[in-house]
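Structure assessment
What follows is the residue order along each chain.
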Amino acid sequence: GAGVSQTPSNKVTEKGKYVELRCDPISGHTALYWYRQSLGQGPEFLIYFQGTGAADDSGLPNDRFFAVRPEGSVSTLKIQRTERGDSAVYLCASSFQGGSYNEQFFGPGTRLTVL
Amino acid sequence: AQSVTQLGSHVSVSEGALVLLRCNYSSSVPPYLFWYVQYPNQGLQLLLKYTTGATLVKGINGFEAEFKKSETSFHLTKPSAHMSDAAEYFCAVSEEDTNAGKSTFGDGTTLTVKP
């Protein structure tokens, strides 16, 4: 079946602009995660959804970052007033259930470049 | 709090040689441990995981890892490297929590396989 998909694959924007990044999880997966991966580093946790609600948003760096999952499937990560430091690959993952032991399936990521 | 250290950002081996990628973790509670592989322009793929039980874990593509609590290590090995193993490898740790699931990743090790 289809894996996790993310759109767009690449996004170039100017400093100060607003961007939205989309994640389509595997059908039936209730848990969804967003990570950010900067060059030369491992993925860094941003937020975790269980169904429609954000169960853990402790990784969001500041209030310019926001994510939603209104129907418990597709999720959108929203970044306001982008800064050059936001440039990174944003990864989405989903799992059948929440819980640390469940395998997370990752999408290919969205590469965000802020000029 | 939890953290992961991957010793050696780059490892180079000859085809047919032993692969050893090192991972040490820090966790205040019993950990769940994971190894992921990332090929260029692809999402992270789970190689293997340790949750409970047997400390020697076998994964896909001939990889295995051993959980050593006394050494706080979870090193990844493969007896004989193939050219197709060239990729970036990430070690990750989660805390045992059935209601969460965020993982903390190391900064990755790039494996090069020489013919």
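Residues numbered from 1 in each chain as written. Chains lettered and ligands numbered in written order. Predicted model: local features only at pLDDT ≥ 70, side-chain atom pairs only at ≥ 80, totals over all residues. Heavy atoms only, no water.

1. Brief notes about unusual backbone geometry
A cis amide bond links A:T7 with the next residue in sequence, A:P8, at an omega value of -10°. By the element assignment, A:P8 lies in the loop between β1 (5-7) and β2 (10-13). Of note in the backbone geometry, B:N61 takes a positive phi value of approximately 60° without being a glycine. Of note, B:N61 is situated in the loop between β7 (56-58) and β8 (64-68). The partly exposed category is assigned to B:N61, whose relative accessible area is 41%. (Helix = DSSP H or I, 4+ residues; strand = E, 2+ residues; numbered from the N terminus. Buried < 20%, exposed > 50% of the residue type's maximum accessible area, 1.4 Å probe, protein only.)

2. Re the packing of aromatic side chains
Residues and elements named next belong to chain A. Applying the stated criterion across every chain yields a total of 12 aromatic pairs over all chains. Ring plane angle 75° and centroid distance 6.0 Å describe the contact between Y35 and F45, whose orientation is recorded as edge-to-face. One end of the pair, Y35, is in strand β4 (residues 31-37); the other, F45, is in strand β5 (residues 44-50), with 10 residues separating them in the sequence. As far as the burial class goes, Y35 and F45 line up, both buried. (Phe/Tyr/Trp six-rings, centres within 6.5 Å; stacked < 30°, edge-to-face > 60°.)

3. What about the pairing of strand β11 (residues 110-114) of chain A?
Two faces, one strand: in a regular strand the side chains alternate between the faces of the sheet. Residue and element names in this part refer to chain A. Along β11, the buried face is formed by T110, L112 and V114; none of R111 and T113, which line the opposite face, is buried. Bridging between β2 and β11 involves 4 bridges; their strand directions are parallel. Across the sheet, T13 pairs through a bridge with V114, a residue of β11. Inspection of the sheet shows strand β9 (residues 88-95) paired to β11 by 3 bridges, in the antiparallel sense. Looking at the pairing, Y90 lines up with T110 of β11. (Pairing = 2+ DSSP bridges.)

4. Points about the nonpolar core
If you look at the biggest cluster of nonpolar residues, it comprises 27 residues, and the most contacted ones within it are B:W35, B:L48, B:L76 and B:Y89. Elements with a contribution of two residues or more to this core: β2 (10-14), β3 (19-21), β5 (31-38), β6 (45-50), β8, β9 (73-78), β10 (87-95) and β12 (109-114) of chain B. The leading source of residues in this core is β10(B), at 4 residues. Residues contacting B:L48, with those up to four places away along its chain left out, are B:L33, B:F34, B:W35, B:V57, B:K58, B:G59, B:F63, B:E64, B:A65, B:F74 and B:L76. Core analysis: the next-biggest nonpolar cluster, separate from the first, contains 20 residues, A:C23, A:W34, A:L60 and A:C92 among them. (Core = buried A, V, L, I, M, F, W, Y, C linked by side-chain atoms within 4.5 Å. Contact = heavy atoms within 4.5 Å.)

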